[in-house]
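Results of the structural survey
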Amino acid sequence: MEIADVRGDLSQVLFTPDEITGRLRELAGDVDRDYAGKDLVIVGVLNGAVMTVADLARDLKTHCEMHWMAISSYGDGVTSSGVLRILKDLTVDIEGRDVLVVEDIIDTGLTLSYLVQNLRGRQPASLEVLTAFRKPAAAKCDVDVKYVGFDIPNDFVVGYGLDYAGKYRNLNGLGVLDPAVYGG
Ligand code: PRP
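Just so we're clear, the structure is a prediction, and the values are computed from it rather than from any experiment. (Residues numbered from 1 in each chain as written. Predicted model: local features only at pLDDT ≥ 70, side-chain atom pairs only at ≥ 80, totals over all residues. Heavy atoms only, no water.)

Judged by pairing direction, the sheet is antiparallel, and its 3 strands sit side by side in the order β1-β9-β8 without closing on themselves. The sheet is open, and its two borders are formed by β1 (10–15) and β8 (157–158), each paired with just one other strand. In terms of strand pairing, β1 meets strand β9 (residues 174–177) through 4 bridges, oriented antiparallel. The residue bridging Phe15 from the neighbouring strand is Leu174, located in β9. (Pairing = 2+ DSSP bridges. Helix = DSSP H or I, 4+ residues; strand = E, 2+ residues; numbered from the N terminus.)

Okay, here's the thing in C-alpha cells:
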C-alpha cells in the first residue's frame, strides 16, 4: 500500500518509503560495524516490527537468526491498555548470545522496559535495542536504545508496521492518522 492509496486518511506524511529504508540501511551499517565477527540473534517484537526486521536483516552483512516475541500493550484503539504480558515467547535459548531487540516504535517505553528486563534475566552475552521510530515526548520510562531510526512527534502514526485497528500496517511510508478517522 502506498501513501497515495490512503492520502485522505493522513493529516501529514512523515517519511517516504525511501527515507525509511535509507535510514535502516545506515543503521544496518552501524550494526555490522558493532557486531563484526559475531553472530546476532534478532528478536522482533510482533506484530509491528515485521517490516523493520525484514528490511534491516536484508541490509545486514552480519549473520543473524530472526526470532519473534509478542507482547500485549495496546488494544485496538489509540490509547495504551496498560496491560503487559507475553503472548508469544522465544523458541530459542539466548543465554550467552548477542541479542538485538528490534521494534517498530517506542512510545511510552513500557513494552520495551518490560521486555528488556525479562530478556536480561535469560543472561545473553549482550542485549541492545534498535527501533525504527521513537516518540521522545511520550516516554514514561527510561530505556537504553542504541539504534534509533527517527525521533518523531507525539502524534498517532500509522504505516510501516504500525496499525490503527489492524489497518495501515502494510502502508510503505509513515504518516499521521487524521483524527477524523479514529474520532479523535
Ligand atoms: C506497539 C509497538 C511497540 C509498543 C510500543 O505494539 O509495536 O511494541 O506498541 O508502545 P510503548 O512504548 O508505549 O510500550 P502494539 O502493542 O500496538 O502491538 P502491535 O505491534 O501488534 O501493533
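We are not done yet, so read on.
This part takes up the side chain of Thr108. By the secondary structure assignment, Thr108 is in the loop between β5 (98–106) and α3 (110–120). What Thr108 contacts, discounting residues up to four positions off in sequence, is Ala138, Ala139, Lys140 and Cys141. (Contact = heavy atoms within 4.5 Å.)

Among the residues making up α3, those that are buried are Thr111, Leu112, Leu115, Val116 and Leu119. Buried residues along α3 cover an arc of 120 degrees about the axis, so they all sit on one side. (Buried < 20%, exposed > 50% of the residue type's maximum accessible area, 1.4 Å probe, protein only. Arc of directions from axis to C-beta.)

Around the ligand sit 17 residues, and of these Glu103, Asp104, Thr108, Gly109 and Thr111 come closest. At a separation of 2.6 Å, an oxygen atom of the ligand approaches a polar side-chain atom of Glu103. Here Thr108 contributes a side-chain N or O atom positioned 2.5 Å from an oxygen atom of the ligand. If the ligand stood free it would expose 500 Å²; the protein chains cover 91% of that surface. Mapped by element, the contributors of at least two residues to the shell around the ligand are β3 (64–74), β5 and α3. Split into classes, the residues belonging to the shell around the ligand amount to 6 nonpolar, 6 polar and 5 charged. (Near = heavy atom within 4 Å. Polar contact = N/O pair within 3.5 Å; in protein donor to acceptor, adjacent residues only side chain to side chain. Areas by Shrake-Rupley, 256 points an atom, 1.4 Å probe, with all protein chains shown as cover. Nonpolar A, V, L, I, M, F, W, Y, C, P; charged D, E, K, R; others polar.)

Turning next to the pairing of strand β6 (residues 126–134). When β5 meets β6, the two strands line up parallel, connected through 8 bridges. Paired with Val101 across the two strands is Val129, which belongs to β6. Handedness of the β5-α3-β6 crossover: right-handed. The pairing of β6 with strand β7 (residues 147–151) spans 4 bridges and is classified as parallel. Looking at β7, one finds that Phe133 is bridged to Phe150. (Right-handed = clockwise from strand over helix to strand, strands pointing away.)

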